[in-house]
Amino acid sequence: MKKFYETETLFADTGDRKIAYRSYGKGKTIIFVNRFRGTLDTWDPLFITMMAKRFNVITFDYSGIGSSGGTMAPDIAIVAKDIKDLADWLKLGTFIVLGWSYGGLVAQAAALLYPNLVTHAILLGTNPPGKNEVPFEQAFLDAALKPINDFEDEVVLFFEPKSERSRAAAKASHDRIHKKIDVKKIPSTMDVFQVYFAGGDGFREDILNFREQLKKTKTPVLVISGDHDISFAVENWYPVINQMVNAQLIVYSETGHGPQHQYPELTTKYIINFVKYMH
């Protein structure tokens, strides 16, 4: 298997835009759906490497983000079409979606809009559709909207600053990611940020009634969260998870918004077993 940094960026020509993607490993395909401001370079290489030992991992840039053409839509349901268009280009019959943060919203939309394509949904550091009681913490907004984030911002945004274990994991993850990253590709302007936030607002408004659909879906759903996520609090899952019919919730203590970056090996093992045993 090629190492993380040797994998080239490819392009799916969908006709009206080109979607940038990378492919790692062999096995059942799992499409990684990225966070707010995330690009091909911002996933932890160790997490991808561990996952690619068992799956064909596909990462991609949303339309209009990073290396992809087109324009990002302010509607999560439209953004989710990037997943379907990419899957069509790759001629995938079925696949798993793994969404982190904002990408977890997109992954849920894809699982509900394309139930015949998505076999499992893995949701990391994200929230369910509809109105949620626990809002963003101010610390998230203070750090997330800076044009460029430094390491201390990353600790606040994705880890638990009060925990020495979490801070050590943050440093290790940061160093892995920053061995090779094109910072210029990371969205940095308020006009792009507003498109992301418009998508989140619409997901909370939930005019497509995704919240009720999520409760009824038979697609297996695995939620992995940190116990102190300053953007998508795990507490927002509690009123929903016990009404779902095929879901599991795992919570890591002393962990923030990036559970898979704090515990890449453990998270991989949970995902492998979930996909193996849940149908």
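Residues numbered from 1 in each chain as written. Predicted model: local features only at pLDDT ≥ 70, side-chain atom pairs only at ≥ 80, totals over all residues. Heavy atoms only, no water.

(A) Looking closely at the packing of helix H1 (residues 45-52) against helix H12 (residues 264-277). With their axes 9 Å apart at the nearest point, H1 and H12 run at an angle of 35° to one another. Like other packed secondary-structure pairs, H1 and H12 cross with a definite hand, here right-handed. Along the contact surface, H1 presents Leu-46, Phe-47, Met-50 and Met-51, while H12 presents Pro-264, Glu-265, Thr-267, Thr-268 and Ile-271. In terms of residue class, the contact of H1 with H12 is made up of 6 nonpolar, 2 polar and 1 charged. (Axes fitted to C-alpha atoms, helices over the stretch in contact; angles between N-to-C directions. Helix = DSSP H or I, 4+ residues; strand = E, 2+ residues; numbered from the N terminus. Left-handed = near helix turned anticlockwise from the far one by under 90°. Contact = heavy atoms within 4.5 Å. Nonpolar A, V, L, I, M, F, W, Y, C, P; charged D, E, K, R; others polar.)

(B) Structural detail: the packing of aromatic side chains. The tally for this structure, following the rule as stated, stands at 16 aromatic pairs. With centroids separated by 5.6 Å and ring planes inclined at 85°, the aromatic side chains of Phe-60 and Tyr-62 adopt a geometry described as edge-to-face. Assigned by exposure class, Phe-60 and Tyr-62 land together as buried. Taken together, the aromatic side chains of Phe-36, Phe-60, Tyr-62, Tyr-102, Phe-136, Phe-140, Phe-193, Tyr-196, Phe-197 and Phe-232 make up a single cluster linked through ring pairs. (Phe/Tyr/Trp six-rings, centres within 6.5 Å; stacked < 30°, edge-to-face > 60°. Buried < 20%, exposed > 50% of the residue type's maximum accessible area, 1.4 Å probe, protein only.)

(C) The arrangement of H1 in detail. Here H1 has its buried residues at Pro-45, Phe-47, Ile-48, Met-51 and Ala-52. One side of H1 holds all its buried residues, which, seen down the axis, span an arc of 160°. The N-cap of H1, judged by a side-chain oxygen 2.8 Å from the amide nitrogen of Leu-46 a few residues on, is Asp-44. (Arc of directions from axis to C-beta. Polar contact = N/O pair within 3.5 Å; in protein donor to acceptor, adjacent residues only side chain to side chain.)

(D) Geometry of the pattern of salt bridges. Applying the stated criterion across every chain, the model contains 13 salt bridges. As a salt-bridge pair, Asp-44 and Arg-176 come within 2.7 Å of each other at their nearest N and O atoms. Residue Asp-44 is located in the loop between strand E3 (29-33) and H1, and its partner Arg-176 is located in helix H7 (residues 164-177); the two are separated by 132 residues in the primary sequence. With its nearest N and O atoms 3.0 Å apart, the salt bridge here joins Asp-85 to Lys-81. You can see Asp-85 and its partner Lys-81 sitting in helix H3 (residues 81-89), 4 residues apart, about one turn around the helix. On the accessibility criterion, Asp-85 (12% relative accessible area) is buried. Salt bridges linked by common partners bring Asp-16, Arg-17, Lys-81, Asp-82 and Asp-85 together as one network. (Salt bridge = Lys/Arg side-chain N within 4 Å of Asp/Glu carboxyl O.)

(E) Main features of the side chain of Arg-37. Inspection of the secondary structure puts Arg-37 in the loop between E3 and H1. Buried within the structure, Arg-37 lacks any salt-bridge partner; Asp-153 is the closest side chain of opposite charge, at an N-O distance of 7.6 Å. In terms of polar contacts, Arg-37 uses its side chain to reach the backbone carbonyl oxygen of Ala-144, at 2.8 Å. Of note is the side chain of Arg-37, whose polar atom sits 2.7 Å from the backbone oxygen of Pro-147. Every residue in contact with Arg-37, bar those within four places of it in the chain, is listed here: Ala-144, Leu-145, Lys-146, Pro-147, Ile-148, Asn-149, Ile-186, Pro-187, Ser-188, Phe-193 and Tyr-196. (Lys, Arg positive; Asp, Glu negative; His and termini not counted.)

Read these as geometric descriptors, not functional statements.
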